[in-house]
Amino acid sequence: MEPKSLSPEQSDFIIEIKTKVREAQYNALKAVNVELIRLYWEIGKSIAEKQSENWGKAVVPTLSAELQREFVGIGGFSTTNLWLMAQFYAEYHTDENLQPLVGEISWTKHILILNKCKDNLERQFYILSTKKFGWTKNILLNHISNKTYEKYLLNQTNFESTLPETIKNQAVLAIKDEYTFDFLGLADEHSERELENALIQNIRNFLLEMGHQFAFVGNQFKVEVEDKEYFVDLLLYHRQLQCLVAIELKIGEFLPEYKGKMEFYLTVLNEKVRMPNENDSIGIIICKEKNRTTVEYSLKTGNQPIGVATYSTSRLLPKDYEKLLPNKKTISEKLDKYFQQ
């Protein structure tokens with residue numbers, strides 16, 4: 001049957017109903033997941049309690065066999081999974097931040113986080129990020145492998161002093177301290193143009209590494225000042241921050257003069273490219289290396305929001321990288337800001 005021509009009001013009505021159906025489907029799936037996790041939590045609690053009473057390990061394989069015989073066709077009752085339930089309960093039930101989160105994501109994602117992350121603040125970060133951004137299991141694994149948690153906590157920006165209260169917390173957490181471009185296949189020695197071209201040719205992976213809110217605007221983006229042309233290496237747009245993001249690529253160590261060049265680009269972008277409804281542009285200088293103290297001094301002056309990051313073509317983090325992490329109180333404060341957005 002051919003669909004009839006609809007008025008705008010009728011089309012809006014149909015879209016509204018479709019949205020309600022999708023929301024109901026999502027809520028139904030979420031409810032099922034919450035009940036399943038609650039069941040696994042209770043099973044894990046029971047096993048953990050019996051283990052504390054010196055029941056021994058033999059009861060778990062027996063329990064597994066009995067459950068699979070009783071509930072034919074229902075998965076999740078293998079011996080391995082039952083032990084994971086016990087571990088899940090044992091490691092989460094005493095943590096006041098983790099315990100309320102047990103129903104927020106699927107069991108397979110919980111197990112991935114449980115096995116890959118040993119620090120509870122790190123686990124909290126990945127659980128809430130998975131919920132917030134809708135990460136699939138593979139995307140979650142990629143973020144854990146790329147040390148996204150550490151890279152967000154260690155970023156170096158001047159956003160606290162240059163951006164308005166309304167967006168500075170989101171902006172701080174939109175920039176990483178290091179980006180992993182292991183998908184480029186570049187040789188150890190490469191030019192800035194080769195790096196830029198490789199990123200453009202792998203634009204999907206590049207944007208995934210930058211973050212889910214980034215969209216590509218252009219490369220070698222031209223801006224003009226009194227008949228002179230200047231070119232921004234990469235220009236992105238951040239949907240949540242509603243601002244242009246200028247990226248300069250450097251294959252060597254960060255130099256303080258890079259900041260001055262970026263400030264110039266941001267000023268021109270704000271005056272000639274930015275839309276009236278958009279926030280001020282942000283700059284990211286991505287270098288092969290940086291001295292953290294030099295970056296700190298460079299970012300202390302100026303009124304343009306700039307972050308300085310490094311890049312690598314390997315998943316391996318620099319030596320002693322994790323030793324740079326702030327104390328747990330500072331991490332908790334940063335995570336609170338992150339998850340309030």
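Going by the structure above, here's the rest.
Residues numbered from 1 in each chain as written. Predicted model: local features only at pLDDT ≥ 70, side-chain atom pairs only at ≥ 80, totals over all residues. Heavy atoms only, no water.

Draft legend 1. Representation of the overall build of the chain. Across its full length, the chain holds 14 helices and seven strands. Referenced to the eigenvectors of the C-alpha coordinate spread, the extents of the chain come out at roughly 80 × 65 × 40 Å. Classification of the 341 residues of the chain by burial places 42% in the buried group. A total of about 18800 Å² of accessible surface is found on the chain, and carbon and sulfur atoms cover 52% of it. Averaging the locations of the 42 positively and 47 negatively charged side chains of the chain gives two centres separated by 4 Å. (Helix = DSSP H or I, 4+ residues; strand = E, 2+ residues; numbered from the N terminus. Buried < 20%, exposed > 50% of the residue type's maximum accessible area, 1.4 Å probe, protein only. Areas by Shrake-Rupley, 256 points an atom, 1.4 Å probe, with all protein chains shown as cover. Lys, Arg positive; Asp, Glu negative; His and termini not counted. Charge placed at Lys NZ, Arg CZ, Asp CG, Glu CD.)

Draft legend 2. Structural view of the environment of Leu186. With respect to the element layout, Leu186 can be found in the loop between β2 (178–180) and α10 (192–201). In this structure Leu186 comes out as partly exposed when scored by relative accessible area, which is 22%. For Leu186, the contacting residues outside a window of four places in its chain are Glu194, Leu195 and Ala198. (Contact = heavy atoms within 4.5 Å.)

Draft legend 3. Region of interest: the pairing of strand β3 (residues 214–225). With ten bridges connecting them, β3 and strand β4 (residues 228–238) associate as antiparallel partners. For Ala215, the partnering residue across the bridge sits in β4 and is Tyr237. Joining the antiparallel neighbours β3 and β4 is a turn of two residues, in which Glu226 adopts a positive phi near 50°. (Pairing = 2+ DSSP bridges.)

Draft legend 4. Region of interest: the pattern of salt bridges. Scanning all chains against the criterion turns up 17 salt bridges. The shortest N-O distance in the salt bridge between Lys131 and Glu104 comes to 3.1 Å. Remark: Glu104 occurs in the loop between α3 (79–92) and α4 (107–116) and Lys131 occurs in helix α5 (residues 120–133); sequence separation between them is 27 residues. Lys259 is paired through a salt bridge with Glu263; the nearest N and O atoms lie 3.1 Å apart. Of this pair, Lys259 and Glu263 both sit in helix α12 (residues 257–272), four residues apart, which is roughly one turn of the helix. Of the residues examined, Glu263 reaches a relative accessible area of 18% and is grouped as buried. Taken together, the shared-partner salt bridges connect Glu160, Glu165 and Lys168 into one network. (Salt bridge = Lys/Arg side-chain N within 4 Å of Asp/Glu carboxyl O.)

Draft legend 5. Molecular detail of the nonpolar core. Residues Phe88, Tyr92, Trp107, Ile113, Tyr126 and Tyr149 are the most contacted members of the largest nonpolar core, which totals 39 residues. Elements with a contribution of two residues or more to this core: α1 (8–52), α2 (59–70), α3, α4, α5, α6 (137–145), α7 (148–153) and α14 (328–340). Counting residues per element, this core draws most heavily on α3, at seven residues. Aside from chain neighbours lying at most four places away, what touches Tyr149 is Asp119, Leu121, Glu122, Phe125, Tyr126, Ile331 and Leu335. Within the second largest apolar cluster, 29 residues are counted, among which are Phe159, Leu195, Leu236 and Leu241. (Core = buried A, V, L, I, M, F, W, Y, C linked by side-chain atoms within 4.5 Å.)

Draft legend 6. Region of interest: the environment of Val232. Among the secondary structure elements, Val232 is positioned in strand β4. Of the residues examined, Val232 reaches a relative accessible area of 0% and is grouped as buried. In this structure, the C-alpha to C-alpha distance between Val232 and Ala90, residues 142 residues apart in sequence, is 52 Å. With residues up to four places along the chain from it excluded, the contact list for Val232 reads Asn219, Gln220, Phe221, Ala246, Ile247, Glu248 and Tyr265.

Draft legend 7. Focus on the packing of α4 against α5. Direction vectors running N to C along α4 and α5 enclose 155°, while the axes themselves pass 10 Å from each other. Classified by the angle between their axes, α4 and α5 sit roughly antiparallel to one another. Pair α4 / α5 crosses with right-handed handedness. Here α4 contributes Lys109, His110, Ile113 and Leu114 to the contact with α5, which in turn contributes Arg123, Tyr126, Ile127 and Thr130. Taken together, the residues that form the contact of α4 with α5 break down as four nonpolar, two polar and two charged. (Axes fitted to C-alpha atoms, helices over the stretch in contact; angles between N-to-C directions. Parallel < 35°, antiparallel > 145°, perpendicular 65-115°, else oblique. Left-handed = near helix turned anticlockwise from the far one by under 90°. Nonpolar A, V, L, I, M, F, W, Y, C, P; charged D, E, K, R; others polar.)

Draft legend 8. Structural view of the packing of α4 against α6. Where α4 meets α6, the axes come as close as 10 Å, and the angle between the chain directions of the two elements is 15°. Taken as axis vectors, α4 and α6 run roughly parallel relative to one another. Crossing of α4 over α6 shows right-handed handedness. Taking contact as the criterion, the partners of Lys109, Leu112, Ile113 and Lys116 in α4 are, on α6, Lys137, Leu140, Leu141 and Ile144. Class assignment for the residues of the contact of α4 with α6 results in five nonpolar, no polar and three charged.

Draft legend 9. Focus on the packing of aromatic side chains. One pass over the structure, following the stated rule, counts 16 aromatic pairs. On the basis of an interplanar angle of 75° and a centroid distance of 5.1 Å, the ring pair of Trp41 and Tyr89 is categorised as edge-to-face. With Trp41 in helix α1 and Tyr89 in helix α3, this pair connects stretches of sequence that are 48 residues apart. The ring of Tyr258 has Lys250 lying over it, and the distance from NZ or CZ to the ring centre is 4.7 Å. (Phe/Tyr/Trp six-rings, centres within 6.5 Å; stacked < 30°, edge-to-face > 60°. Lys NZ or Arg CZ within 6 Å of the ring centre and 35° of its normal.)

Draft legend 10. Examining α5 more closely. When the terminal C-alpha atoms of α5 are compared, their 20 Å separation across 14 residues agrees well with the 20 Å that a helix rising 1.5 Å per residue should span. Along α5, ten of the 14 residues are buried, which leaves the element largely enclosed by surrounding structure. Along α5, the residues that are buried comprise Leu121, Glu122, Arg123, Gln124, Phe125, Tyr126, Ile127, Leu128, Ser129 and Thr130. At the N-terminal boundary of α5, the capping side chain belongs to Asp119, with an oxygen 3.0 Å from the backbone nitrogen of Leu121. (Expected span 1.5 Å × (residues − 1). Polar contact = N/O pair within 3.5 Å; in protein donor to acceptor, adjacent residues only side chain to side chain.)

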